Amino acid sequence: MKAVTTSPPPLDVDVVLPCLNEAAALPWVLARVPAGWRALVVDNGSTDGSAEVARALGATVVHEPRRGFGAACHAGLRAATAEIVCFCDCDASLDPSLLVPFVREVRLGEADLVLGRRRPRSRGAWPAHARAANLALAGMLRRRTGLRLHDLGPLRAARREALLELHLTDRRSGYPLQMVVRAADAGWRVTEHDVPYLPRTGASKVTGTWRGTWQAVRDMSRVLSAPAAVQDVQDTPAHGGNRR
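An account of the accompanying structure is given in this report. Owing to the predicted nature of the structure, the values given are computational and were not obtained by experimental measurement. (Residues numbered from 1 in each chain as written. Predicted model: local features only at pLDDT ≥ 70, side-chain atom pairs only at ≥ 80, totals over all residues. Heavy atoms only, no water.)

**Some points on the sheet that holds strand 4 (residues 84-87)**
- The strand order across the open sheet built from 7 strands is 3-2-1-4-6-5-7, with neighbouring strands paired in mixed fashion. The outermost strands of the open sheet, each flanked by one partner alone, are strand 3 (60-63) and strand 7 (190-197). If you compare each strand with its neighbour and ignore which way they point, the axes differ by 25 degrees on average.
- Bridging between strand 4 and strand 6 (residues 156-159) involves 4 bridges; their strand directions are antiparallel. Each residue of the ladder has a partner; that of phenylalanine 87, found in strand 6, is arginine 156.
- Each of strand 1 (13-19), strand 4, strand 5 (113-120), strand 6 and strand 7 touches helix 4 (residues 100-107); the most contacted strand, strand 6, lies at about 25 degrees to it.
- Strand contacts of helix 7 (residues 175-185): strand 4, strand 5, strand 6 and strand 7, with the helix running at about 135 degrees to strand 5, the strand carrying the most contacts. (Pairing = 2+ DSSP bridges. Helix = DSSP H or I, 4+ residues; strand = E, 2+ residues; numbered from the N terminus. Axes fitted to C-alpha atoms, helices over the stretch in contact; angles between N-to-C directions. Contact = heavy atoms within 4.5 Å.)

**Considering the pairing of strand 4**
- The two faces of strand 4 match: Ile84 and Cys86 on one face and Val85 and Phe87 on the other face are all buried.
- The pairing of strand 1 with strand 4 spans 4 bridges and is parallel. Pairing of aspartate 14 across the sheet is with valine 85, part of strand 4. (Buried < 20%, exposed > 50% of the residue type's maximum accessible area, 1.4 Å probe, protein only.)

**Description of the packing of aromatic side chains**
- Enumeration according to the criterion identifies 0 aromatic pairs in this entry.
- Between the NZ or CZ atom of arginine 118 and the centre of the ring of tyrosine 197, over which it lies, the distance is 5.2 Å. (Phe/Tyr/Trp six-rings, centres within 6.5 Å; stacked < 30°, edge-to-face > 60°. Lys NZ or Arg CZ within 6 Å of the ring centre and 35° of its normal.)

**What about the nonpolar core?**
- Membership of the largest hydrophobic core comes to 34 residues, with the highest contact counts inside it found for Phe87, Leu113, Leu163, Met179, Trp188 and Val190.
- Elements that contribute at least two residues to this core include exactly strand 2 (38-43), helix 3 (69-79), strand 4, strand 5, helix 5 (128-145), helix 6 (160-165) and helix 7.
- At 7 residues, helix 7 tops the list of elements feeding residues into this core.
- Residue contacts for leucine 113: discarding those within four places in its chain leaves Arg156, Ala157, Ala158, Met179, Val180, Ala183, Trp188, Arg189, Val190 and Thr191.
- By size, the runner-up hydrophobic cluster in this structure holds 33 residues, among which are Cys19, Ile84, Val106 and Tyr197. (Core = buried A, V, L, I, M, F, W, Y, C linked by side-chain atoms within 4.5 Å.)

**Some points on the pairing of strand 6**
- By the alternation rule, side chains of strand 6 split into Arg156 and Ala158 and Ala157 and Arg159, which are all buried.
- Pairing geometry for strand 5 and strand 6, over 3 bridges, is antiparallel. The residue bridging valine 114 from the neighbouring strand is alanine 157, located in strand 6.

Structure follows, in C-alpha coordinates:
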(Lines give C-alpha, C1' and ligand atoms only; values in the text may rest on other atoms or scores of the structure.)
Protein backbone atom coordinates (compact mmCIF):
# COMPACT_ATOMS: atom_id res chain seq x y z
CA MET A 1 0.00 0.00 0.00
CA LYS A 2 1.35 3.41 -0.96
CA ALA A 3 2.12 5.64 1.98
CA VAL A 4 0.26 8.92 2.25
CA THR A 5 2.45 11.91 3.07
CA THR A 6 1.40 15.37 4.11
CA SER A 7 3.55 18.31 3.02
CA PRO A 8 4.44 20.82 5.74
CA PRO A 9 2.68 24.19 5.50
CA PRO A 10 4.57 26.78 3.40
CA LEU A 11 6.39 29.38 5.44
CA ASP A 12 6.55 33.16 4.96
CA VAL A 13 2.82 33.63 5.46
CA ASP A 14 0.97 36.25 7.51
CA VAL A 15 -2.60 35.61 8.67
CA VAL A 16 -4.66 38.78 9.20
CA LEU A 17 -7.28 38.34 11.92
CA PRO A 18 -9.59 41.38 12.30
CA CYS A 19 -10.70 41.47 15.91
CA LEU A 20 -13.38 43.27 17.89
CA ASN A 21 -14.05 41.80 21.33
CA GLU A 22 -13.03 38.22 20.52
CA ALA A 23 -11.12 37.35 23.70
CA ALA A 24 -13.12 34.15 24.18
CA ALA A 25 -12.45 32.90 20.64
CA LEU A 26 -8.78 33.85 20.32
CA PRO A 27 -7.27 30.79 22.05
CA TRP A 28 -9.09 28.42 19.68
CA VAL A 29 -8.24 30.48 16.59
CA LEU A 30 -4.57 31.13 17.36
CA ALA A 31 -3.95 27.49 18.29
CA ARG A 32 -4.92 26.56 14.72
CA VAL A 33 -2.63 28.98 12.89
CA PRO A 34 -0.09 26.73 11.12
CA ALA A 35 3.36 26.51 12.69
CA GLY A 36 5.79 29.02 11.20
CA TRP A 37 3.06 31.42 10.10
CA ARG A 38 2.60 34.78 11.81
CA ALA A 39 -0.78 35.71 13.27
CA LEU A 40 -1.58 39.42 12.92
CA VAL A 41 -4.47 40.21 15.24
CA VAL A 42 -5.83 43.61 14.28
CA ASP A 43 -7.57 45.03 17.32
CA ASN A 44 -10.39 47.31 16.17
CA GLY A 45 -11.23 48.91 19.50
CA SER A 46 -11.87 45.89 21.72
CA THR A 47 -12.91 46.47 25.32
CA ASP A 48 -12.67 42.85 26.51
CA GLY A 49 -8.88 42.51 26.62
CA SER A 50 -8.60 40.86 23.20
CA ALA A 51 -5.27 42.56 22.45
CA GLU A 52 -3.74 41.35 25.71
CA VAL A 53 -5.01 37.80 25.15
CA ALA A 54 -3.63 37.75 21.60
CA ARG A 55 -0.25 39.08 22.68
CA ALA A 56 -0.01 36.56 25.51
CA LEU A 57 -0.70 33.76 23.02
CA GLY A 58 2.17 34.88 20.80
CA ALA A 59 0.32 36.86 18.13
CA THR A 60 1.49 40.18 16.73
CA VAL A 61 -1.09 42.83 17.64
CA VAL A 62 -1.89 45.71 15.31
CA HIS A 63 -4.12 48.53 16.58
CA GLU A 64 -6.60 50.08 14.14
CA PRO A 65 -8.69 52.80 15.82
CA ARG A 66 -10.89 53.40 12.78
CA ARG A 67 -13.91 51.13 13.21
CA GLY A 68 -14.86 48.88 10.34
CA PHE A 69 -14.15 45.37 9.09
CA GLY A 70 -12.37 46.72 6.02
CA ALA A 71 -10.33 49.15 8.10
CA ALA A 72 -9.08 46.29 10.28
CA CYS A 73 -8.35 44.01 7.31
CA HIS A 74 -6.44 46.68 5.42
CA ALA A 75 -4.44 47.67 8.47
CA GLY A 76 -3.39 44.05 8.74
CA LEU A 77 -2.48 43.89 5.07
CA ARG A 78 -0.30 46.98 5.42
CA ALA A 79 1.36 45.61 8.55
CA ALA A 80 2.07 42.26 6.89
CA THR A 81 5.53 41.59 5.51
CA ALA A 82 5.16 38.04 4.19
CA GLU A 83 4.95 37.25 0.50
CA ILE A 84 1.53 35.66 0.94
CA VAL A 85 -1.21 37.06 3.16
CA CYS A 86 -4.28 35.21 4.39
CA PHE A 87 -7.44 36.53 5.99
CA CYS A 88 -9.62 34.74 8.51
CA ASP A 89 -12.36 35.77 10.91
CA CYS A 90 -11.36 35.84 14.56
CA ASP A 91 -14.61 34.44 15.99
CA ALA A 92 -13.83 30.68 15.78
CA SER A 93 -16.30 30.15 12.93
CA LEU A 94 -13.46 29.30 10.53
CA ASP A 95 -10.33 27.22 11.09
CA PRO A 96 -7.15 29.00 9.89
CA SER A 97 -5.39 25.66 9.41
CA LEU A 98 -7.62 25.20 6.35
CA LEU A 99 -5.60 27.92 4.64
CA VAL A 100 -2.62 25.62 4.04
CA PRO A 101 -3.83 24.31 0.63
CA PHE A 102 -4.97 27.85 -0.29
CA VAL A 103 -1.45 29.15 0.22
CA ARG A 104 0.07 26.25 -1.67
CA GLU A 105 -2.23 26.95 -4.63
CA VAL A 106 -1.14 30.60 -4.72
CA ARG A 107 2.54 29.76 -4.27
CA LEU A 108 2.47 27.23 -7.11
CA GLY A 109 0.94 29.81 -9.43
CA GLU A 110 -2.31 27.87 -9.85
CA ALA A 111 -4.45 30.80 -8.62
CA ASP A 112 -4.02 34.44 -7.68
CA LEU A 113 -6.81 34.59 -5.09
CA VAL A 114 -8.22 31.55 -3.28
CA LEU A 115 -11.49 31.83 -1.37
CA GLY A 116 -13.29 29.57 1.09
CA ARG A 117 -16.91 28.71 0.37
CA ARG A 118 -18.58 28.36 3.76
CA ARG A 119 -20.51 25.14 4.41
CA PRO A 120 -22.45 25.35 7.71
CA ARG A 121 -21.94 22.41 10.06
CA SER A 122 -25.03 23.19 12.13
CA ARG A 123 -28.29 25.09 11.78
CA GLY A 124 -27.11 27.89 14.04
CA ALA A 125 -23.81 28.51 12.29
CA TRP A 126 -25.25 30.86 9.67
CA PRO A 127 -28.44 32.85 10.36
CA ALA A 128 -31.03 32.51 7.59
CA HIS A 129 -31.17 36.23 6.84
CA ALA A 130 -27.37 36.45 6.52
CA ARG A 131 -27.23 33.39 4.30
CA ALA A 132 -29.97 34.73 2.04
CA ALA A 133 -28.17 38.06 1.71
CA ASN A 134 -24.91 36.27 0.86
CA LEU A 135 -26.60 34.20 -1.85
CA ALA A 136 -28.13 37.29 -3.43
CA LEU A 137 -24.84 39.18 -3.38
CA ALA A 138 -22.95 36.18 -4.77
CA GLY A 139 -25.39 36.09 -7.68
CA MET A 140 -24.84 39.79 -8.31
CA LEU A 141 -21.09 39.21 -8.14
CA ARG A 142 -21.29 36.46 -10.77
CA ARG A 143 -23.21 38.75 -13.10
CA ARG A 144 -20.79 41.63 -12.47
CA THR A 145 -17.54 39.69 -12.90
CA GLY A 146 -18.32 36.42 -14.64
CA LEU A 147 -16.63 34.51 -11.80
CA ARG A 148 -18.39 31.29 -10.82
CA LEU A 149 -18.37 31.97 -7.08
CA HIS A 150 -20.98 31.07 -4.49
CA ASP A 151 -19.81 32.86 -1.35
CA LEU A 152 -18.20 36.10 -0.19
CA GLY A 153 -16.54 34.42 2.75
CA PRO A 154 -13.62 35.95 4.64
CA LEU A 155 -11.24 32.96 4.45
CA ARG A 156 -8.81 33.73 1.63
CA ALA A 157 -5.19 33.89 0.46
CA ALA A 158 -3.25 35.97 -2.08
CA ARG A 159 0.11 37.65 -2.60
CA ARG A 160 0.58 40.78 -0.51
CA GLU A 161 2.08 43.03 -3.18
CA ALA A 162 -0.62 42.13 -5.68
CA LEU A 163 -3.32 42.87 -3.09
CA LEU A 164 -1.83 46.28 -2.42
CA GLU A 165 -1.92 47.02 -6.14
CA LEU A 166 -5.69 46.58 -6.11
CA HIS A 167 -5.88 49.89 -4.17
CA LEU A 168 -8.78 48.72 -2.01
CA THR A 169 -10.67 51.66 -0.53
CA ASP A 170 -13.73 50.23 1.23
CA ARG A 171 -13.25 50.27 5.00
CA ARG A 172 -16.56 48.73 6.01
CA SER A 173 -18.28 45.46 5.19
CA GLY A 174 -17.68 45.82 1.46
CA TYR A 175 -13.93 45.18 1.73
CA PRO A 176 -13.98 41.42 1.00
CA LEU A 177 -16.27 41.95 -1.99
CA GLN A 178 -14.23 44.84 -3.35
CA MET A 179 -11.15 42.63 -3.23
CA VAL A 180 -12.85 40.03 -5.44
CA VAL A 181 -14.34 42.60 -7.84
CA ARG A 182 -11.05 44.39 -8.38
CA ALA A 183 -9.20 41.10 -8.68
CA ALA A 184 -11.62 40.05 -11.42
CA ASP A 185 -11.26 43.41 -13.18
CA ALA A 186 -7.48 42.91 -13.09
CA GLY A 187 -7.78 39.49 -14.70
CA TRP A 188 -6.82 37.44 -11.65
CA ARG A 189 -7.44 33.71 -11.50
CA VAL A 190 -9.87 33.26 -8.60
CA THR A 191 -10.74 29.84 -7.19
CA GLU A 192 -13.13 28.71 -4.47
CA HIS A 193 -13.07 25.66 -2.17
CA ASP A 194 -15.54 24.34 0.40
CA VAL A 195 -14.68 24.92 4.06
CA PRO A 196 -16.67 23.99 7.18
CA TYR A 197 -18.43 26.91 8.84
CA LEU A 198 -18.90 26.59 12.59
CA PRO A 199 -21.07 28.48 15.08
CA ARG A 200 -19.16 31.59 16.07
CA THR A 201 -18.08 32.32 19.63
CA GLY A 202 -20.00 35.32 20.97
CA ALA A 203 -22.39 37.66 19.18
CA SER A 204 -21.83 38.71 15.58
CA LYS A 205 -21.09 42.40 15.03
CA VAL A 206 -22.47 42.36 11.48
CA THR A 207 -24.65 39.48 10.31
CA GLY A 208 -26.02 38.47 13.70
CA THR A 209 -28.82 41.05 13.35
CA TRP A 210 -31.09 42.20 10.55
CA ARG A 211 -29.72 45.73 10.95
CA GLY A 212 -26.13 44.57 10.67
CA THR A 213 -26.92 42.42 7.66
CA TRP A 214 -28.75 45.28 5.96
CA GLN A 215 -25.76 47.58 6.48
CA ALA A 216 -23.43 44.94 5.04
CA VAL A 217 -25.68 44.52 2.00
CA ARG A 218 -25.70 48.29 1.46
CA ASP A 219 -21.91 48.44 1.67
CA MET A 220 -21.51 45.59 -0.78
CA SER A 221 -24.15 46.85 -3.18
CA ARG A 222 -22.24 50.12 -3.37
CA VAL A 223 -19.10 48.19 -4.31
CA LEU A 224 -20.92 46.27 -7.04
CA SER A 225 -22.38 49.42 -8.55
CA ALA A 226 -19.02 51.20 -8.78
CA PRO A 227 -17.44 51.47 -12.26
CA ALA A 228 -14.60 49.09 -12.99
CA ALA A 229 -11.09 50.08 -11.88
CA VAL A 230 -12.18 53.23 -10.03
CA GLN A 231 -9.45 53.95 -7.48
CA ASP A 232 -9.10 56.40 -4.63
CA VAL A 233 -5.79 58.26 -4.91
CA GLN A 234 -6.04 59.21 -1.23
CA ASP A 235 -5.31 55.60 -0.29
CA THR A 236 -2.41 54.82 -2.63
CA PRO A 237 -0.34 51.93 -1.17
CA ALA A 238 3.23 52.44 -0.06
CA HIS A 239 4.66 49.75 -2.33
CA GLY A 240 3.64 48.35 -5.66
CA GLY A 241 3.87 44.86 -7.05
CA ASN A 242 3.30 42.88 -10.19
CA ARG A 243 -0.37 42.66 -11.09
CA ARG A 244 -1.27 39.05 -11.57
